[in-house]
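So you can see what is in the structure, the chains are spelled out below.
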Amino acid sequence: MNLKKYLLSVLYTIKSWISSSKLLLGKRLGLIQTLMIMPYKGFGNKNEVFFMGRVMRDRGVGFSTLEDTKWQNFGKMYKRFMTWEIPFVRVQATFNGFSLITQTDEEGYFKFNISSGDEYLAEPPELEIRLTLIDSILKIQNKVEALNKVLIVSGGTAYGIISDIDDTIVPTGATRFLEMIKTTFFKNAHSRIPFPGVAAFYHALAKGISGNDNNPLFYVSSSPWNLYDFLNEFMDIHGIPRGPLMLRDIGLSRDYFIAVDHTDHKLMQVERIFKVISDIPFILIGDSGQHDAEIYLQVIKDFPGRVKMVYIRDVDSRKHEKVLKTANEIKSLGVEPLLVKDTVEAARHAVTKGWIAENDLWNVAGEKAEEEAGN
């Protein structure tokens, strides 16, 4: 263990030196000409908000098109991963008369977790926050600003939905490394196709039985933050309703060789949502490929009475028996789990529970049939 800690310390020191040298060289050679704040949509209630972002060189990635070649896709994805992050600079958040300042970490990330006691920070459904870079990094630097949106949830909402992304919304081959790399780097937001019927099902859950419940959606994934803009573009193109995306940093950190691992990251982020959005129950959606059922089991143990339902998409037959065992544990705690082969099966169940309207079931089935015919 001591050897592991020593090796991690040495590697982190080397990484920090390389990063600082790269940044210094980039500034001196004029390789960094413009900076950007990448805001990550947050969430909160009337008294507390949480959101993150990152300061880095403006990558100029732009949007994808249907005509992009696999090498154009690779070029854009390369830009997303080969970042020039800006560490230890101050970022100011301004909204509703509040003004707060925080500092980016060694990877350029910053976070705000703001609580106002009895004061009302915001009203549903959304809060707009202006982010400003305070420090001057470049010799010639225009004002660096961004607008962030924070989802504000009221206690009158029927339920929230928390969903995984990889192999839950879109096939990625997350359990097969080479297939996942090929999919990530050589396809784009147009050519990556979600599971049939997903968009209609998620819209139905968001609308609820009344059609205007405005049930909030959250997405928790082990994908890196580098894919944040890509995933939002993917959702827009395929009509999947947006919500806060909780991703992770996959690089070497001060405490971990690969930041936080898959299970710890997802559990931490789901439970963060439960703590901030504390007065509504949740429907949890995942897949059988990467421990989602086990993660949701732990959430149910930690937050008894807060989970209405667990849907698990059955994508990995090798783990079927293990998932069924976990499902039985979930059921023993009073929460109904359902292992489904497709989106229509989940939608049909949601209708019987009175969570979505019957007309929406036909929308899900119709969308699924249409998308399967198109593929």
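Residues numbered from 1 in each chain as written. Predicted model: local features only at pLDDT ≥ 70, side-chain atom pairs only at ≥ 80, totals over all residues. Heavy atoms only, no water.

J.: Would you mind showing me how to read the confidence of the model for the protein here?
T.: Residues shown with low pLDDT carry predicted positions that ought not to be read at fine detail. A residue-level look at the protein finds 94% of positions with pLDDT of 70 or above and a mean pLDDT of 90. Model confidence for the protein, summarised as mean pLDDT per element, is weakest for helix α1 (residues 2-28) at 76 and strongest for strand β8 (residues 160-163) at 98. (pLDDT = per-residue confidence, 0-100. Helix = DSSP H or I, 4+ residues; strand = E, 2+ residues; numbered from the N terminus.)

J.: Explain the side chain of R313 to me, please; I cannot follow it from the model alone.
T.: In this fold, R313 is placed in strand β12 (residues 307-313). The charged side chain of R313 is buried without a salt bridge, its nearest counter-charge being D342 at 6.5 Å. A distance of 2.9 Å separates polar atoms of two side chains, one belonging to R313 and the other to T343. (Buried < 20%, exposed > 50% of the residue type's maximum accessible area, 1.4 Å probe, protein only. Lys, Arg positive; Asp, Glu negative; His and termini not counted. Salt bridge = Lys/Arg side-chain N within 4 Å of Asp/Glu carboxyl O. Polar contact = N/O pair within 3.5 Å; in protein donor to acceptor, adjacent residues only side chain to side chain.)

J.: Explain the packing of helix α6 (residues 262-276) against helix α7 (residues 292-302) here, please?
T.: Across the interface, α6 lies against α7 with an axial gap of 10 Å and an inter-helix angle of 40 degrees. As summarised for this structure, α6 and α7 are arranged oblique, according to the angle between their axes. Relative to α7, α6 is oriented so that their crossing is right-handed. Touching H262, T263, K266, L267, V270, E271 and F274 of α6 are D292, I295, Y296, Q298, V299 and D302, all from α7. Classifying every residue of the contact of α6 with α7 by side-chain character gives 6 nonpolar, 3 polar and 4 charged. (Axes fitted to C-alpha atoms, helices over the stretch in contact; angles between N-to-C directions. Parallel < 35°, antiparallel > 145°, perpendicular 65-115°, else oblique. Left-handed = near helix turned anticlockwise from the far one by under 90°. Contact = heavy atoms within 4.5 Å. Nonpolar A, V, L, I, M, F, W, Y, C, P; charged D, E, K, R; others polar.)

J.: Would you mind going over the side chain of D314 with me for this structure?
T.: Among the structural elements, D314 can be located in the loop between β12 and α8 (320-332). The class of D314 is buried, set by a relative accessible area of 12%. Here D314 is in contact with S288, H320, L339, V340 and K341, once residues within four sequence places are set aside.

J.: Would you mind going over the pairing of strand β9 (residues 217-224) with me for this structure?
T.: The side chains of a regular strand alternate between both faces of the sheet. Counting buried positions over the 8 residues of β9 gives 8, a clear majority of the element. Of the two faces of β9, the one carrying L217, Y219, S221 and S223 and the one carrying F218, V220, S222 and P224 are both buried. Of the strand pairs in this sheet, β9 and strand β10 (residues 245-248) are connected by 3 bridges, and their pairing is parallel. Bridge assignment links V220 to a residue of β10, and that residue is M246. (Pairing = 2+ DSSP bridges.)

J.: Can you help me understand the packing of aromatic side chains in this one?
T.: Following the criterion strictly, the structure yields 20 aromatic pairs and no others. Through successive ring pairs, a cluster of aromatic residues spans F43, F50, F218, F274, F282 and F303. One cation-aromatic arrangement involves K22 over W84; the distance from NZ or CZ to the ring centre is 4.8 Å. (Phe/Tyr/Trp six-rings, centres within 6.5 Å; stacked < 30°, edge-to-face > 60°. Lys NZ or Arg CZ within 6 Å of the ring centre and 35° of its normal.)

J.: Looking at this structure, I do not really get the packing of helix α2 (residues 70-81) against helix α3 (residues 177-186). What am I missing?
T.: Angle between the axes and distance between the axes are the two parameters that describe a pair of packed helices. Orientation of α2 relative to α3, taken along the N-to-C sense of each, is 95 degrees, at an axis distance of 7 Å. Considering their axes alone, α2 and α3 lie roughly perpendicular with respect to each other. Residue-level inspection shows K70, W71, N73, F74, M77 and F81 of α2 in contact with α3, the latter providing T184, F185 and F186. Here the residues of the contact of α2 with α3 are counted per class, giving 6 nonpolar, 2 polar and 1 charged.

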